[in-house]
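# Observations on chain architecture
Single-letter residue listing:
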Amino acid sequence: MTDLFTLAGKTFNSRLIIGTGKYRGFPEMQAAHKASGAEMVTVAVNRVPLDRKTESFLDYLAPEMQILPNTAGCYDADHAIRTARLAREALETDWIKLEVIGDPVTLLPDNEQTLEAAKVLVKEGFIVLPYFSDDLIMAKKLLDAGCPAVMPLAAPIGSGMGVQNPSNLRIMREQLPEATIIVDAGVGVPSDAAIAMELGADAILMNTAIAESKNAEQMATAMKFAVQAGRLAYLSGRMPKRLYASASSPIEGAIK
């Protein structure tokens, strides 16, 4: 496909963003990354060995991949801001996936704390990609704060339940036609990824669906094709839904 994905001035061929957690080993992670075709990878700052003296997942990342540090494990704006600053210093990037969790059981985001942190980090020159509940009003506020994209959840992190509120994502796409929307969290199988893309998402970030599958490399391949298929379907424009049947073959000129 020649439908390129541009974010914060950088262009990618792939609309799939991949993670690094939960794999059974670094070689498995590396193989899945390659099979996915992803060109951006998110890493939890709290898992990064900052002294780089011991082997870690960082040693198995393709050097050409855009690293997207994330603030996973942060429960308030101040902690997320400090973590983002640490990530910029340790990984030498201004990119940050902003996560501020509001509940330790559901891992649902705290939208207000996320917005507060986003405002500070944008002013400090970060490229802030915020993870938040699929709320149109909060999406508008985050974009107004200077975030180049928003990352609404499909379902709770690691749940694999797929898109739970398709209407919310559809409304967000229709009301924010120029915004970059990246669906994050909750994808379980390729059909979930395809649905999210068919609803108009610009990209999808996933980790658990690939890492916890029985064959991560094969699942990564499946997800790559699902994202491509969903995107192509969205661009093509689906047929209208009808209450009654509509003949596939025209009857004009038919033999009587």
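## Side note on the packing of aromatic side chains
- All told, the structure shown has 3 aromatic pairs when counted by the stated rule.
- Where F12 meets W95, the ring centres are 6.4 Å apart and the plane angle is 85°; that geometry is what we call edge-to-face. Of this pair, F12 sits in strand 2 (residues 10-12) while W95 sits in strand 6 (residues 95-98), and the two are 83 residues apart along the sequence.
- Take W95: its relative accessible area is 8%, and that puts it in the buried class.

## Re the nonpolar core
- Membership of the largest hydrophobic core comes to 37 residues, with the highest contact counts inside it found for Y23, A193, I204, M206, I210 and M223.
- Take this core: its biggest share by element is 6 residues, from helix 8 (residues 216-236).
- If we ignore the near neighbours within four places in the chain, the residues touching Y23 are I18, E28, M29, A32, H33, N207, I210, A211 and A216.
- Core analysis: the next-biggest nonpolar cluster, separate from the first, contains 28 residues, V100, F132, A139 and A179 among them.

## Description of the packing of helix 2 (residues 77-91) against helix 3 (residues 111-123)
- Two elements in contact, helix 2 and helix 3, have axes whose closest approach is 8 Å; the angle formed by their N-to-C orientations is 40°. By the angle between their directions, the pair helix 2 and helix 3 is classed as oblique. By crossing handedness, the relation of helix 2 to helix 3 is classed as right-handed. Along its contact with helix 2, which presents A77, A80, I81, A84 and R85, the element helix 3 presents Q113, E116, A117, V120 and L121.
- A breakdown of the residues in the contact of helix 2 with helix 3 according to their chemical character gives 7 nonpolar, 1 polar and 2 charged.

## Describing the side chain of S36
- Inspection of the secondary structure assignment puts S36 in helix 1 (residues 26-36).
- Assessed through its relative accessible area of 0%, S36 is described here as buried.
- A polar contact of 2.7 Å, which involves the side chain of S36, links it to the backbone oxygen of H33.
- Residues within four places of S36 in sequence aside, it is in contact with L16, I18, A220 and K224.

Here is what the cut-offs are and how they apply
Residues numbered from 1 in each chain as written. Predicted model: local features only at pLDDT ≥ 70, side-chain atom pairs only at ≥ 80, totals over all residues. Heavy atoms only, no water. Phe/Tyr/Trp six-rings, centres within 6.5 Å; stacked < 30°, edge-to-face > 60°. Helix = DSSP H or I, 4+ residues; strand = E, 2+ residues; numbered from the N terminus. Buried < 20%, exposed > 50% of the residue type's maximum accessible area, 1.4 Å probe, protein only. Core = buried A, V, L, I, M, F, W, Y, C linked by side-chain atoms within 4.5 Å. Contact = heavy atoms within 4.5 Å. Axes fitted to C-alpha atoms, helices over the stretch in contact; angles between N-to-C directions. Parallel < 35°, antiparallel > 145°, perpendicular 65-115°, else oblique. Left-handed = near helix turned anticlockwise from the far one by under 90°. Nonpolar A, V, L, I, M, F, W, Y, C, P; charged D, E, K, R; others polar. Polar contact = N/O pair within 3.5 Å; in protein donor to acceptor, adjacent residues only side chain to side chain.

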